[in-house]
There are 2 protein chains.
Amino acid sequence: MENSAPLPQPLDLSHHFSYVTKLRQASEVKDLYKYFKANTANLAGGLPHVSYFPFDTLEAGVALPQRLASHQEQTSTRVTVPKESDTVNVKEKIDLSTALQYGTAEGYPPLYTFLRRFVREHLHPNVPYADGPEITLSCGSTDGFSKVIEAFVNPWNPNRDWIRDREGILCEKFTYMSPFQLAKPKGLNIVGVPMDHEGMLPSGLEDVLENWDFRQGRRPHLMYTVTMGQNPTGGTLSLERRRAIYALCQKYDVLIIEDDPYWNLQYGPSNVNYNAEGVSSGYAFLDSLVPSYLAVDTEGRVIRLDTFSKTIAPGCRLGWITAQPAVIERLVRITEVSTQQPSGFVQSLVAELLIGQSRSQSHSTSARASKTAVEQAWHVDGWVRWLEGLRDGYHQRMQAMCGALEKGKYLISENHESSGHESTTTAADDEDVAWNLVTKTQMYDFHAPTAGMFVWVELCLSTHPLAGQVELPKLSRALWFHLTRAPFACLVAPGELFAPSAWAQADSWRFVRLCFAPMAFEDVEALTRRFVDGCAAFWQKKDPSEVEDDIKLA
Amino acid sequence: MENSAPLPQPLDLSHHFSYVTKLRQASEVKDLYKYFKANTANLAGGLPHVSYFPFDTLEAGVALPQRLASHQEQTSTRVTVPKESDTVNVKEKIDLSTALQYGTAEGYPPLYTFLRRFVREHLHPNVPYADGPEITLSCGSTDGFSKVIEAFVNPWNPNRDWIRDREGILCEKFTYMSPFQLAKPKGLNIVGVPMDHEGMLPSGLEDVLENWDFRQGRRPHLMYTVTMGQNPTGGTLSLERRRAIYALCQKYDVLIIEDDPYWNLQYGPSNVNYNAEGVSSGYAFLDSLVPSYLAVDTEGRVIRLDTFSKTIAPGCRLGWITAQPAVIERLVRITEVSTQQPSGFVQSLVAELLIGQSRSQSHSTSARASKTAVEQAWHVDGWVRWLEGLRDGYHQRMQAMCGALEKGKYLISENHESSGHESTTTAADDEDVAWNLVTKTQMYDFHAPTAGMFVWVELCLSTHPLAGQVELPKLSRALWFHLTRAPFACLVAPGELFAPSAWAQADSWRFVRLCFAPMAFEDVEALTRRFVDGCAAFWQKKDPSEVEDDIKLA
């Protein structure tokens, strides 16, 4: 972007805030603390004194950022959160006297400051509205989504409210369901949009919005979308499609909730620089990633959810929300009266990992006489290196799974003329096995994911020997149970778990989702083979009663 | 209690659930895991492998339980959460491979199991309904309250809804305001109930409920109450009053939300045994505490909020909710789609502190060669000892503050006849200083708190020399600003911060709340003197312009 003209201000979105959100007010206690100066005695706040905290230090053995790239070198270090640091600047002070005290809803100041800078300078250096986005920390993206819904949705009760007041949310036809478990009981209309293996189709979205049937309620003002490593399909939305979809969202005044847990796990070409026309992220790796919707968000209608669940660990329950400042302000108000702030335990330990103590503090942080390793925080360089190492690790996993799936997707039946009996094997490739009568049956198909953790496998159930006798959805169900039993003993995620609308449910039986994340790397191929072998065995069932048994034995 | 008859089942409260809460369903993914057995390959769940967690151990320097009682002995130990424990039982397994993975909304199994037992056997051993209460962990009591409101409240919008549908919540006239910052924007009618220095008055409650004006909306179906160390008044509700109030709640079908962060900070006689007629808690200290509303909850209409904020540290953002099982089940559903679970960092470290590793694990938990201290978890004994130590510590603080307040509550003006000038002092007690013409003016009054962290000070502003010339609320405001400035430089909490209803706001200017928690123990008395001296100086202002200046300079 060569913007010499000043960037536009983000739009005023307050017409979208829920009734309850419009009424929220900042805590009055905060006003009081304006009068709190260095020597003021605090007789007001109910803050327990630090001497009553039973934790004296928090410490951790942690990886060095290069661990995932190299198993040879020293890959461990330690971090320590001391009880009290004498750092004065609260944006740099990491200690238990602050982290374990009541804090600010935006997040623990040093961590908030680090993340805000990471977001604005490195992750999204080219957000096209004036002054750029703001952030607030969340207790993970499920919490973040819940707060966004609180901010923008008026619950709707068919027994009490007019249908014209019913609100709606757009999403990919197949998508992650947890958000809709929250949204559905609130009466939100869940509106699936057609998609392909890349993600949502602009033409499909236009069709939905342009021909909206108002007898269903209001035209949706929200979109929930996973655009990188889409869950479950593994697609990544191109910049071109983002522009096309964003233009439709502008036209129909839709807010985009971009949930992006897999943004760093992109398997596309690494020699692309998406920031070539604008400000660089400062890192070739980050520049090579397809950018967020924020990169095309001229109006400030994107609310992005990030999480540490896939980059550090799910149990962190720590993430952040990025959006225009006026939206973040309302989300902070919601946080003040619910979660207040993420736990100081995880905030301070992640702050130590990413930021560390100010240099002058590094020797006073531990009372232990012998330190087995030098404490060494990651800083931005290390964090980016870790993220790239994760990408490389998941890329190898993806290749191992997709290799095994590719190898096994055809069932080869050989009819030996001499013996008259039939033997089967799965074919390594699609070359003909010419010396015998051969039947080659495709059991499933898939696109290798361009990002994320999942392979979305389409079952070719119409090729099954029983396809004419047993309903295909029932065959699909039988296959699922068949796979759970020895010797295959594997659990795959059935398509119905990713189908929030009735329309998607209706053909969700065609799909299963496989994940290459939960096992040791060495096991990815062998465990994928269990699925492949299970399919091969299932495709040899020729008696409907076998399928009945699969379901009955469940 | 000598119950030979079986205890009654708790009431079905489902008529009180909000419309949205009634519709919530359990996650379908959970059904799938029924088929997950020991050797099943998990290709379904999006769980990152533990080798991708950069945290190898979590460790902490921690207090021994006796630290607060004795400054002489060794009072420190260490706890370590290892990456992987080979304990098989998930209720005992404390390690990062479980704590940092996706978990269960009820709480981290070992911590949940410990707390559930602590609640049922030690904290509330005599809950009078069949099978006793259930618990679920929360991200602190603010989060817990927010979820309870989600469960039981239909938001109400005056522009859309009938007044007859407006719901209400009862509370003490003066109370902690944070819950009402959540509740007010939802359209809940906040209904203050008359109180005295012990807490809510049954006669006041009866008057409100019996003579309910339905033109204000529905009769309230919820009560929010802080009954031990009431915030701000420091009162503790007797068992007799609990019975009387509970009977009214039965009569009018009200649910009691008991928020009890200060339950262990009770300063009453320690030789009482509240469990003498029933099952002992197993600890004289716990038996000596006025019991929760749960002790009289024959119908299962009490929902109790506990927190580690005051017993470990506010930054934990960790607590639990106790109620009948059917209520807890709905709160778990709400948790699954919002916070999911408290952070595994705090859950595992608190679990290590309270429970520790199974004995067989204690030597494999740390790779470090030299351990400076034996690792020693607290267990229930240590936890109760710590709670009692906190009580003793806060008791001393309370006495230091109340002693200084008592000493200084009168302003003594001596008119020396010889010099004709007037000198003032604050009187150590109320003995007459006979040798001169003396004016003794009471500046404030208070009841020493029977529990908690606060002293609720009633300002006697009508004794101020300017009482006839300046409106008392304005005098109160001027005093507040006057106190913030040197040499007094102290911040007290003005009464208006504790007055959620207009009725309470109207005379909230009569009060300020002082807290004896945030400072070092050694400073409690001196900092209280700043308030006392500030009052003494303020009571000598005789010119209205001085009061104007106090406000103007703010």
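Chain A appears in an unreviewed UniProt entry as Aminotransferase class I/classII large domain-containing protein from Penicilliopsis zonata CBS 506.65. As its UniProt record puts it under Sequence similarities (unreviewed entry), chain A is described as follows: "Belongs to the class-I pyridoxal-phosphate-dependent aminotransferase family." Per UniProt, chain A has the following entry under Cofactor (unreviewed entry): "pyridoxal 5'-phosphate".

Engineer: Sorry if this is basic, but what is going on with the interface of chain B and chain A here?
Structural biologist: How large an interface is tends to be reported as the accessible area lost when its parts come together. Across the boundary between the two partners, chain B contributes 122 residues, which contact 123 residues of chain A. Interface of chain B and chain A: buried area, both sides summed, is about 9700 Å²; carbon and sulfur atoms make up 60% of it. Interface area lost by chain B to chain A is led by Leu43(B), Tyr52(B) and Leu491(B), which between them contribute 10%. On inspection of chain B and its partner chain A, the count reaches 8 salt bridges. The salt bridge partner of Arg67(A) is Asp56(B), with a shortest N-O separation of 2.6 Å. Linking chain B to chain A there are 51 residue pairs in polar contact (both at pLDDT 80 or more). The class makeup of the residues in the side of chain B that touches chain A is 70 nonpolar, 32 polar and 20 charged. Bridge count for strand S2 (residues 55–63) of chain A against strand S2 (residues 55–63) of chain B is 7 bridges, and the pairing is antiparallel. Paired with Gly61(A) across the two strands is Thr57(B), which belongs to S2(B).

Engineer: Can you walk me through the pattern of salt bridges in this structure?
Structural biologist: One side chain can pair with another of opposite charge once the charged atoms of both are near each other. Applying the stated criterion across every chain, the model contains 72 salt bridges over all chains. Note that Glu59(A) and Arg78(A) form a salt bridge whose closest N and O atoms lie 2.9 Å from each other. Taken as a pair, Glu59(A) in strand S2 and Arg78(A) in strand S3 (residues 76–81) lie far apart in primary sequence, 19 residues in all. Relative accessible area serves as the criterion here: at 7%, Arg78(A) is assigned to the buried category. Between Arg301(B) and Asp253(B) there is a salt bridge; the shortest N-O distance is 3.1 Å. Here Arg301(B), found in the loop between helix H9 (284–287) and strand S9 (302–307), pairs with Asp253(B), found in the loop between helix H8 (239–251) and strand S8 (255–259); they are 48 residues apart in sequence, far enough to count as distant. Note on Asp253(B): relative accessible area 23%, which makes it partly exposed. Linked through salt bridges whose partners overlap, the residues forming this network are Arg242(A), Glu258(A), Asp260(A), Arg304(A) and Asp306(A).

Engineer: Mind showing me how you'd approach the sheet that holds strand S17 (residues 493–494) of chain B here?
Structural biologist: Whenever strands of a sheet pair, they do so through backbone hydrogen bonds, lying parallel or antiparallel. Residues and elements named next belong to chain B. Read across the sheet, 4 strands follow the order S14-S15-S18-S17 without closing on themselves; strand pairing throughout is antiparallel. Single-partner strands in this sheet number two, and they are strand S14 (444–446) and S17. Across 5 bridges, strand S15 (residues 454–459) lies against strand S18 (residues 511–515) in antiparallel orientation. Bridge pairing links Val455 to Leu514 in S18. Packing of helix H15 (residues 524–538) onto the sheet brings it into contact with S14, S15 and S18, and relative to S14 it is tilted by some 145 degrees.

Engineer: Would you mind going over the pairing of S2(A) with me for this structure?
Structural biologist: For a regular strand, side-chain orientation follows a simple rule: the groups alternate between the two sheet faces. All names here are of chain A. Of all the 9 residues making up S2, 9 are buried; the element is thus mostly covered by neighbouring parts of the structure. Pairing analysis gives 6 bridges linking S2 to S3, with the strands arranged antiparallel. Directly across from Gly61, in S3, lies its bridge partner Arg78.

Engineer: How should I be thinking about the packing of helix H4 (residues 109–123) of chain B against helix H12 (residues 379–407) of chain B in this particular structure?
Structural biologist: Describing two packed helices takes the angle between their axes plus the distance from one axis to the other. All names here are of chain B. Two elements in contact, H4 and H12, have axes whose closest approach is 12 Å; the angle formed by their N-to-C orientations is 70 degrees. Classified by the angle their axes make, H4 and H12 are roughly perpendicular. Along this stretch, H4 crosses H12, giving a crossing that reads as right-handed. In this structure, H4 contributes Phe114, Phe118 and His122 to the contact, and H12 contributes His379, Val380, Trp383, Val384 and Leu387.

Engineer: Help me understand the confidence of the model for chain A in this model?
Structural biologist: Caution applies to low-pLDDT regions: their predicted coordinates should not be interpreted in detail. Residues and elements named next belong to chain A. Predicted confidence across chain A gives a mean pLDDT of 92, with 92% of residues reaching 70 or more. A low-confidence stretch, residues 360–373 (pLDDT under 50), is modelled with 20 contacts involving residues beyond four sequence positions or located in other chains. Both scores are given for the predicted complex: the pTM is 0.94, the ipTM 0.93.

Engineer: Honestly, the sheet that holds strand S5 (residues 168–172) of chain A in this entry has me stumped. Any pointers?
Structural biologist: Residues and elements named next belong to chain A. Pairing within the open sheet is mixed, and its 7 strands lie in the order S4-S10-S9-S8-S7-S5-S6. Edge positions in the sheet fall to strand S4 (134–138) and strand S6 (189–193), since each has one partner strand and no second. The average undirected angle you get between the axes of adjacent strands in this sheet is 20 degrees. Here strand S7 (residues 222–225) pairs with strand S8 (residues 255–259) via 4 bridges, running parallel. Bridge pairing links Tyr224 to Ile257 in S8.

Engineer: Is there a simple way to explain the relation of the copies chain B and chain A in this structure?
Structural biologist: A rotation about an axis combined with a shift along that same axis relates the two copies of the chain. At an RMSD of 0.1 Å, chain B and chain A line up after a rotation of 180 degrees and a shift of 0.0 Å along the axis. Such values leave the two copies arranged in the relation of a two-fold axis. Nearest to the rotation axis, the C-alpha of Glu59(B) is located 2.4 Å from it, this being the minimum over chain B. Comparing interface residues between copies, 100% of those in chain B also lie at the interface in chain A; the contact surface is shared.

Engineer: What is the right way to look at the packing of helix H7 (residues 202–210) of chain B against H8(B) in this model?
Structural biologist: All names here are of chain B. Where H7 meets H8, the axes come as close as 9 Å, and the angle between the chain directions of the two elements is 10 degrees. Compared by their axis directions, H7 and H8 come out roughly parallel. Facing H7, whose interface residues are Pro202, Leu205, Glu206, Leu209 and Glu210, H8 presents Arg241, Ala244, Ile245, Leu248 and Lys251. Split into classes, the residues belonging to the contact of H7 with H8 amount to 6 nonpolar, no polar and 4 charged.

Engineer: Can you walk me through the packing of aromatic side chains in this structure?
Structural biologist: What describes a pair of aromatic rings is the distance from one ring centre to the other and the angle between the planes of the rings. The tally for this structure, following the rule as stated, stands at 36 aromatic pairs over all chains. The interplanar angle of 15 degrees and the centroid separation of 5.2 Å between the aromatic rings of Phe17(B) and Phe152(B) together place this pair among those described as stacked. One end of the pair, Phe17(B), is in the segment before helix H1 (19–23); the other, Phe152(B), is in helix H5 (residues 141–152), and 135 residues separate them in sequence. Cluster of aromatic residues (ring-pair linked, three or more members): Phe308(A), Trp320(A), Trp378(A), Trp383(A) and Trp386(A). Of note, Arg242(A) hangs over the ring of Tyr293(A), and the distance from its end group to the ring centre comes to 5.3 Å.

Calculation criteria
- Residues numbered from 1 in each chain as written.
- Chains lettered and ligands numbered in written order.
- Predicted model: local features only at pLDDT ≥ 70, side-chain atom pairs only at ≥ 80, totals over all residues.
- Heavy atoms only, no water.
- UniProt positions renumbered as here; feature names shortened; annotations may be inferred.
- Contact = heavy atoms within 4.5 Å.
- Buried area = accessible area lost by both parts, 1.4 Å probe.
- Salt bridge = Lys/Arg side-chain N within 4 Å of Asp/Glu carboxyl O.
- Polar contact = N/O pair within 3.5 Å; in protein donor to acceptor, adjacent residues only side chain to side chain.
- Nonpolar A, V, L, I, M, F, W, Y, C, P; charged D, E, K, R; others polar.
- Pairing = 2+ DSSP bridges.
- Helix = DSSP H or I, 4+ residues; strand = E, 2+ residues; numbered from the N terminus.
- Buried < 20%, exposed > 50% of the residue type's maximum accessible area, 1.4 Å probe, protein only.
- Axes fitted to C-alpha atoms, helices over the stretch in contact; angles between N-to-C directions.
- Parallel < 35°, antiparallel > 145°, perpendicular 65-115°, else oblique.
- Left-handed = near helix turned anticlockwise from the far one by under 90°.
- pLDDT = per-residue confidence, 0-100.
- Least-squares fit on C-alpha atoms with pLDDT ≥ 70 in both.
- Phe/Tyr/Trp six-rings, centres within 6.5 Å; stacked < 30°, edge-to-face > 60°.
- Lys NZ or Arg CZ within 6 Å of the ring centre and 35° of its normal.

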